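Remarks on the overall topology
So you can see what is in the structure, the chains are spelled out below.
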Amino acid sequence: MFLGIDIGTSGVKAVVLDEHGAVVGQGTAALTVQRPHPLWSEQDPEAWWQATISAVRAIDPAVRRAVRGIGLAGQMHGATLLGADDQVLRPGILWNDGRSHAECAELEAKAPDLHRVAGNLAMPGFTAPKLLWVQHHEPETFAKIRTVLLPKDYVRLRMTGEKASDVSDAAGTLWLDVERREWSDDILAATGLTREQMPQAVEGTAQTGKLRADVAEAWGIDQVPVAGGGGDNAAGAAGVGVVKDGDALLSLGTSGVIFAATREFRPNPAGAVHAFCHCLPDVWHQMSVHLSAAACIDWVARLTGTPGAAELFARAESVGPASGPEIFLPYLSGERTPHNDAEVRGAFLGLDHDTTPERLAQAVLEGVAFALADGLSVLRDAGTELSQLSVIGGGARSSYWGQTLAAALNVELVYLKGGEVGPALGAARLAQLAVDGGSPEEVCAPPPVSHTIAPDAALAERFAPKIARFRDSYSRITPRNS
Ligand SMILES: Nc1ncnc2c1ncn2[C@@H]1O[C@H](COP(=O)(O)OP(=O)(O)O)[C@@H](O)[C@H]1O
Ligand SMILES: O=C(CO)[C@@H](O)[C@H](O)COP(=O)(O)O
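Per an unreviewed UniProt entry, the recorded name for the chain is Xylulose kinase, and the organism is Sphingomonas yabuuchiae. UniProt, in the comment section headed Sequence similarities (unreviewed entry), describes the chain in these words: "Belongs to the FGGY kinase family." Taken from UniProt, the Function (unreviewed entry) comment for the chain reads in full: "Catalyzes the phosphorylation of D-xylulose to D-xylulose 5-phosphate."

Right, here's the structure in full:
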């Protein structure tokens, strides 16, 4: 059996798969995000570790005893800064933190090859510009940095004592030469860092040490190997069989992502399309990233006094899709694709005397779907054709949202067994590949389909004027144009 651990933004998910890919154990533990200043988004690395312990220990002890390998997945880009003796120097700066937007321009000027080598625009969520921010605003901390790790790799350090990162996650730092799948000394130098401060860059299917004796004892698991793993989107792709050119997924986590596997490195910075390594050898991917997807569901639930996501979807369903004039722009943390705008914020438009909490809830589901449609459109402009998306992440629990998403994207959605914890599934499969070897396409074959949702043409027609108004509205609300 293989254990996959996903350090998500809203919580840690741990899943045990048997050798045939069936889920035989699960545990979760919640995390919160701290926002002490405008644009900031942080988590305490110790909270990742404590949540990991809780999620693993929630799995049946008999299942834990049978685990032969562990894989890690995690929220990407988070800067975890370690000093001497590997002590944490400050809270982790997350993927949806916008403070380093000025440093992005500085990085692009200092590293003229950035787009070609790292394959992406400098965007504030990425790790490298955050380190320039720390250099400028917290120089005493910067001077103490011995190691920079990503969130799941900090958890790996606590589990194994090893400093390693897989190339799908490492690509999200902007310090990786994405085609060659190794650190770029030039881009590191542009941020005042060297390769010595980086973990070893490995493939997701490689072994990166074994569980430490004390952790193994506390978890009731043997000292088994730990696989490189993947950034949560790449690991999610491995979890639902999105492994070769033409395969694609829609992730509905805190963020929203459309991810397409590519057989070669295909950078396309225009439109803020991301191009990174996949967590499987010799595969890359493109993706559009939307900073607030299911995050908006939780936000509007709080705003309307609704107890949770399931109840929020029920309230939206009580009015139905395209039922009111309200339009929501989901930029609660700014946006990456297609705008690369850390400072824009969300908005409701078209409120009237008949607006109710139910109609606000429905507008939020639609606004996230319209933002994803923007992402699909720039991916298509980048030459990526998609006709079907496998759905992963917590939002995969709602088929009602799926109807809105399928119509807004005009794409068939495929829901697979376990897709709601896709990154953890993928991490477990990477562990299997690291321990037993085998063909990635076979080990990472899609799980059984639970259902599919085809786009409803009549609903798509009703959405068309709302989507046009949504697209037109961004330029009116961004501070860039004020
Ligand atoms: N029943 C449900 N239907 C739809 N979405 C849900 C449901 N339950 C939880 N969610 C959403 O799932 C999200 C968490 O998804 P997850 O993929 O675990 O995110 P992350 O990896 O960012 O932690 C929550 O923000 C919540 O809005
Ligand atoms: O920043 C990105 C991808 O570039 C996000 O997708 C993060 O990786 C967070 O993922 P979730 O917590 O939403 O799964």
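Having seen it, we continue.
**Looking at the site of ligand 1**
With respect to spatial proximity, 18 residues lie near ligand 1, and among them Ser-10, Lys-13, Thr-254, Asp-298 and Gly-394 are the closest. Interatomic distance of 2.7 Å between a side-chain N/O atom of Lys-13 and an oxygen atom of ligand 1. Taking Gly-394, its main chain carries an N or O atom lying 2.9 Å from an oxygen atom of ligand 1. Across the complex, the protein chains shield 83% of the 590 Å² of accessible surface that ligand 1 would expose by itself. Those elements giving two or more residues to the shell around ligand 1 turn out to be strand S2 (11-17), helix H12 (294-303) and helix H13 (309-319). Residue composition of the shell around ligand 1, grouped by class: 5 nonpolar, 10 polar and 3 charged.

**A word on the site of ligand 2**
Residues in close proximity to ligand 2 total 14 residues, the closest being Thr-9, His-77, Asp-232, Ser-255 and Arg-336. The separation between an oxygen atom of ligand 2 and a polar main-chain atom of Met-76 is 3.0 Å. Here an oxygen atom of ligand 2 sits 3.1 Å away from a polar atom, N or O, in the side chain of Asn-233. In isolation ligand 2 has 370 Å² of accessible area, and contact with the protein removes 96% of it. Every element with two or more residues in the shell around ligand 2 is listed here: helix H11 (232-239) and strand S19 (284-290). Of the residues contributing to the shell around ligand 2, the split by class is 5 nonpolar, 7 polar and 2 charged.

**Digging into the nonpolar core**
Formed by 99 residues in total, the largest nonpolar core has its most connected members in Leu-3, Ile-5, Ile-70, Met-159, Trp-175 and Trp-219. Excluding residues that lie within four positions of it along the chain, Ile-5 makes contacts with Val-12, Lys-13, Ala-14, Thr-52, Val-56, Ile-70, Gly-71, Leu-72, Ala-73, Met-159, Trp-219 and Ala-427. Ala-248, Ala-316, Val-364 and Ala-373 belong to the second largest nonpolar core, which has 55 residues in total.

**Observations regarding the pattern of salt bridges**
Summed over the entire model, instances satisfying the criterion amount to 31 salt bridges. Between Arg-68 and Asp-436 there is a salt bridge, with the nearest N and O atoms lying 2.7 Å from each other. With a gap of 368 residues between them, Arg-68 in the loop between helix H2 (61-65) and strand S5 (69-74) and Asp-436 in helix H16 (residues 422-436) connect regions that are remote in the sequence. The partner of Arg-180 in a salt bridge is Asp-177, with the nearest N and O atoms 3.9 Å apart. Counted as one network, the salt bridges with shared partners bring together Glu-42, Arg-90, Asp-97, Arg-99 and Glu-138.

**Side note on the sheet that holds strand S22 (residues 388-392)**
What the 7 strands build is an open sheet, ordered S18-S19-S17-S16-S22-S23-S24; its pairing is mixed. Strand pairing shows two members of the sheet lacking a second neighbour, strand S18 (274-277) and strand S24 (449-453), which therefore form its edges. Within this sheet the neighbouring strands show an average axis-to-axis angle of 30°, counted without direction.

**Section: helix H7 (residues 151-160)**
The buried count for H7 comes to 9 of 10 residues, which makes it a mostly enclosed element. Within H7, burial applies to Pro-151, Lys-152, Asp-153, Tyr-154, Val-155, Arg-156, Leu-157, Met-159 and Thr-160. Remark: Gly-161 follows H7 within two positions and exhibits a positive phi of approximately 80°.

**Thoughts on the pairing of strand S23 (residues 412-416)**
Of all the 5 residues making up S23, 4 are buried; the element is thus mostly covered by neighbouring parts of the structure. Examined bridge by bridge, S22 and S23 share 4 bridges and lie parallel to one another. In the sheet register, Val-391 faces S23, and the bridge partner there is Tyr-415. You can see the chain leave S22, run along helix H15 (residues 399-409) and come back into S23, and the turn it takes is right-handed. The pairing of S23 with S24 spans 4 bridges and is antiparallel. Bridging across to S24, Tyr-415 finds its partner in His-451.

Rules of the game
- Residues numbered from 1 in each chain as written.
- Chains lettered and ligands numbered in written order.
- Predicted model: local features only at pLDDT ≥ 70, side-chain atom pairs only at ≥ 80, totals over all residues.
- Heavy atoms only, no water.
- UniProt positions renumbered as here; feature names shortened; annotations may be inferred.
- Near = heavy atom within 4 Å.
- Polar contact = N/O pair within 3.5 Å; in protein donor to acceptor, adjacent residues only side chain to side chain.
- Areas by Shrake-Rupley, 256 points an atom, 1.4 Å probe, with all protein chains shown as cover.
- Helix = DSSP H or I, 4+ residues; strand = E, 2+ residues; numbered from the N terminus.
- Nonpolar A, V, L, I, M, F, W, Y, C, P; charged D, E, K, R; others polar.
- Core = buried A, V, L, I, M, F, W, Y, C linked by side-chain atoms within 4.5 Å.
- Buried < 20%, exposed > 50% of the residue type's maximum accessible area, 1.4 Å probe, protein only.
- Contact = heavy atoms within 4.5 Å.
- Salt bridge = Lys/Arg side-chain N within 4 Å of Asp/Glu carboxyl O.
- Pairing = 2+ DSSP bridges.
- Axes fitted to C-alpha atoms, helices over the stretch in contact; angles between N-to-C directions.
- Right-handed = clockwise from strand over helix to strand, strands pointing away.

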